[in-house]
Amino acid sequence: MLFPLVKTMWGKAGRLLKQADFRRLLRAGKNTYSFLADMLLPEVKRSWQPKDRLPVIWVEALSCTGDTISFENSLNPGSWEILTELIDLRYHYMLMAASGNDAMDVMYDVANSEQGRFILIVEGAVPIGDKERFTIVGTKRGIAGFETPDELLTAYDAISYLGRRARHVMAVGSCATWGGPSAAYPNPAGCVGVQKALPKRRVINVPGCPAHADWMVGTLAHLVLYGEPEIDAYGRPTDFFGQTIHNLCTRRQHFENGIFARKLGDPGCYYRLGCKGPVTFADCPIRRWNNTSNWPVEDNTPCIGCTAPGFPDEMEPFFHHLPDIKLPNITTTATAVAKAVAAVTAAGIGTHLAVTWGSGHLAKTIKRGLPLRQKPPRAGLTGKISNVLRSQKSLWYPDSNGKWDR
Amino acid sequence: MSKEIKKTITINPIARVHGDATMTLEIKGDKIIRARTTSLYVRGFEKILVGRDPLDAPYLTQRICGICSAAHGVAASLALENMAQAKVPNNGLLLRNIAFAVDIIMNHITFLYVLALPDYFRPPSVSPLVPNPTKDYRLPAQYNQQLGQSYLQALTMRAIAHQLAALWSGKAPHQHGMLAGGFPLPPTAERVLESLSLLAQLKGFIIDRMLPDLELVGEFYPEYWLLGQGYGRLISYPTFPLDNRGTTVFKGGRVVAGKVLPLCPDKITEDVTRSWYRGGEEAPATGHTDIEPDKDGAYSWIKAPRYQGLPYETGPLARMWINGYWRRGLSALDRLMARAVEAKLIVNLIEDWLNQIQLRAPTFKPIKLPREGRGLGLTGAMRGALGHWVEIRGGRIAHYQIITPSAWNYSPADAKGQPGPVEKALEKTPVADPDNPVEAGRILRSFDPCYSCAVHTVTAKQEKLWRVL
Ligand code: SF4
Ligand code: SF4
């Protein structure tokens, strides 16, 4: 129900609702939208001018198309309303009717005639360097201004060409924001997130695997109506990613009281079964997924931290509460990496535990010990890893010759 | 007869398919004589999986493909359960079937309306549906409008299908309910009721809209009941298990020359003669995926799966044929029709399953994985036969190989020079305008292409740029 509201604000040039109020609404649950939208609806019909929609180019780099699927899952507003009333989606690799040269011509036409006006949305991670050509998104049609001379248009070529000309660049999904599953160790396709590929430009990051439709549509609406939203240090709009899952979780009281699920499918807090809610910033518990029907913890499974930088490597194993660190060959620098990584995840949980230590049943639970499935790694390997890491389960890994070190 | 002109055209990118892809057609006179389909990207999921906790596989492999995520979740869960010889509670199997089946419905609606039908009806003049891909639109205004309305309705219906999937599975795509050992969410009466109500909407759409719309297309584009026939060899895996003894709703099997034959997974191999990988023909349980970018004659990132050395087509048509629900023919339109027929069957199945759920029976039993072992998970996905081969050593994934339906369909030629099923189906297709072969697009899309799934893996060491066609 966000939609009629957006129309209203567009029509009245923001007079009806100030940006601050709009943001408050974005943060609130969906029910607030529908309530307000219903009140404002009659106003909307008179003032809305769909011809002012901003053009959008949606490029797919190395992805699973999950974010497009999720975008289409938006029901209020539905995807058709978005296409006809909020934005002018001129190029989208999967949804558009035309193929080949016809399609490419549309992209270059928008990039040039709408320069400085269009919004670039990137889905998927971007292979760079010598692996740049692992993702080809089209052809260059003999147009000048690219970094490489070749006729095939790589994903990197496309986003750097379009990124220079776009008004806003928005990365959707964890692959586009920080590499995500596409860049998981050993990163076979040499991917990075969009911000890393475009260091000179501000990129609005809408992470998630996939990103929730509301996060994408809400951020788009903000871009269209008020320009850039307030973002955190990772470039995420604070409206959606300002709080941890843990803070908003419906099972938080179970955590406080030390009522933990013992196996998947049990009621209770999923902390002991690997929930990454304490270190994951997103509003899933109150926004809920797919037209508010459910969300992972309510489904009796742990949050796997898909909106966090470093997903999935730093969030694995999913069903244990401590990170799994991928170290190709253990070196001295790897220790530092390990420390940093462990610090991000473990510190978040640790601080929280320390605070709750004395209270409730948690202390007892902790003393009994949290179960670890794997044994600690053998001495030769662990010698080089910090204490933080040693207390967690680590992993063994094949060496460069493909031999298994055990 | 005058000398026929031969020309080669490349279409890049192909819109309305999942993933970046291109196709190259050799056209002589007004016929396609040779076709090559190429995937344009590599991700390397099988390499990524190595070294990880096996229990993570059902979540992680879903990230291979956003539109058939549940299928990978199911195949990975089955592979682990197979390795652990687990006894999964029947209730859990039913719930997993429901969440998976709804994802199939979502896929079929999206595929037919958003991806395939804009080739046959003139879509509304709104970006990104303009410019149109062709001028060959034959539906009279009134029918065109009917399809236009269905298109808009389909956009809502596919979201409703995912809402129903999420109701059971936490979220969709990339469902949290897909786990080895059963299903995490115990059913409640309220959830069952809500599901039935959402399902009624889907059922109404499929019966009142999808089937009649496709019949309409069949009436105005009759030549597609003949075009795009391919090899006529079909393969499908057992789908929707009902118990731990191997009873499934849809049986697996093969079709050769119209006859249904049994299937033995050991006879499946992958050939890499025309793919940018090292090696020859290998079984998936032990096969490798090491890239060789300068390989002579290679033209795709997709490997070529073969059964006893022969290419097979897979998809809902194979599933429906083997189980006896659609046996009219093997053309492009038959593929579309089989999808709609399957969608209708599946909504009825979901309804039955929802009625069979027992409210207080167990749904999940944690599995005990051995330290070392092998597992095989076969299922029918949205686009056909999907297999996961997994091996663990020391409690970690040591080997993971996936053969996706799209690899079967979009495979390149093999050592014997046999082109892949899609390439074969494109051969001999007459084209009206060699510069804009809309016919090729229609036939290619009848397979519901998904290159996200089809592409395999590269090693981290690869340095050189790969050669371009
Ligand atoms: S972030 Fe997740 S949903 Fe998005 S492209 Fe990557 S794997 Fe797919
Ligand atoms: S650990 Fe997870 S399940 Fe427990 S309260 Fe926090 S977010 Fe909720």
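Description of the structure in this document. In this text the structure is predicted, and so the values were computed from the model without any measurement. (Residues numbered from 1 in each chain as written. Chains lettered and ligands numbered in written order. Predicted model: local features only at pLDDT ≥ 70, side-chain atom pairs only at ≥ 80, totals over all residues. Heavy atoms only, no water.)

### Quick word on the pattern of salt bridges
Counted according to the given criterion, the structure contains 33 salt bridges over all chains. With a shortest N-O distance of 3.0 Å, Asp232 of chain A and Arg236 of chain A are connected by a salt bridge. Ionic pairing is found between Asp119 of chain B and Arg445 of chain B, a salt bridge with its closest N-O pair at 2.7 Å. Highlighted residues: Asp119 of chain B in the loop between helix H4 (90-116) and helix H5 (141-169) and Arg445 of chain B in helix H11 (residues 438-446), separated in sequence by 326 residues. (Salt bridge = Lys/Arg side-chain N within 4 Å of Asp/Glu carboxyl O. Helix = DSSP H or I, 4+ residues; strand = E, 2+ residues; numbered from the N terminus.)

### A short note on the sheet that holds strand E8 (residues 259-261) of chain B
All names here are of chain B. Overall, antiparallel pairing links the three strands, which are arranged E4-E7-E8 in an open sheet. Edge positions in the open sheet fall to strand E4 (233-236) and E8, since each of these has one partner strand only. The average angle at which neighbouring strand axes cross in this sheet is 20°, direction not considered. Judged from the four bridges that link them, E4 and strand E7 (residues 253-256) form a sheet pairing that is antiparallel. Residue pairing in the sheet places Ile235 in a bridge with Arg254 of E7. (Pairing = 2+ DSSP bridges. Axes fitted to C-alpha atoms, helices over the stretch in contact; angles between N-to-C directions.)

### Section: the interface of chain B and chain A
Residue-level contacts link 88 residues of chain B with 90 residues of chain A. Regarding the contact of chain B and chain A, the summed buried area is about 7,400 Å², with carbon and sulfur atoms giving 58% of it. When residues of chain B are sorted by the area they lose upon contact with chain A, Arg43, Pro128 and Arg396 of chain B head the list and together hold 9% of the total. At the junction of chain B and chain A, the tally comes to four salt bridges. Across the pair Arg52 of chain B and Asp313 of chain A runs a salt bridge whose closest N-O atoms are separated by 2.9 Å. Between chain B and chain A we count 27 residue pairs in polar contact (both at pLDDT 80 or more) in total. In terms of residues, the side of chain B that touches chain A owes the most to one element, H5 of chain B, which gives 13 residues. Residues that form the side of chain B that touches chain A fall into these classes: 50 nonpolar, 21 polar and 17 charged. (Contact = heavy atoms within 4.5 Å. Buried area = accessible area lost by both parts, 1.4 Å probe. Polar contact = N/O pair within 3.5 Å; in protein donor to acceptor, adjacent residues only side chain to side chain. Nonpolar A, V, L, I, M, F, W, Y, C, P; charged D, E, K, R; others polar.)

### With respect to the packing of H4 of chain B against helix H8 (residues 332-356) of chain B
Residue and element names in this part refer to chain B. Put simply, H4 and H8 touch, their axes get as near as 9 Å, and they point 155° apart. By the criterion of interaxial angle, the relationship of H4 to H8 is roughly antiparallel. Viewed along their axes, H4 and H8 form a crossing whose handedness is left-handed. Packed against H4, whose contacting residues are Leu94, Asn97, Ile98, Ala101, Val102, Ile104, Ile105, His108, Phe111, Leu112 and Ala116, the element H8 presents Leu336, Arg339, Ala340, Glu342, Ala343, Ile346, Val347, Ile350, Trp353, Leu354 and Gln356 at the interface. For the contact of H4 with H8, a count of residues per class yields 17 nonpolar, three polar and two charged. (Parallel < 35°, antiparallel > 145°, perpendicular 65-115°, else oblique. Left-handed = near helix turned anticlockwise from the far one by under 90°.)

### Quick look at the nonpolar core
Among the nonpolar cores identified, the biggest contains 192 residues, and Trp168, Leu202 and Ile350 of chain B are the most heavily contacted of them. At 18 residues, H4 of chain B tops the list of elements feeding residues into this core. Per-domain counts for this core show at least three residues from each of domain 1 (51-241) and domain 2 (245-393) of chain A. When residues no more than four places from it in sequence are discounted, the contact partners of Ile350 of chain B are Ile98, Ala101, Val102, Ile105 and Leu199 of chain B. (Core = buried A, V, L, I, M, F, W, Y, C linked by side-chain atoms within 4.5 Å. Buried < 20%, exposed > 50% of the residue type's maximum accessible area, 1.4 Å probe, protein only. Domains from an automatic or database assignment.)

### Examining the site of ligand 2
Residues and elements named next belong to chain A. Surveying the vicinity of ligand 2 reveals 13 residues, the closest of which are His246, Cys249, Cys269, Tyr270 and Cys275. Counting residues per element, the ones that place at least two in the shell around ligand 2 are helix H12 (245-248) and helix H13 (252-256). Taken together, the residues of the shell around ligand 2 sort by class into nine nonpolar, two polar and two charged. (Near = heavy atom within 4 Å.)

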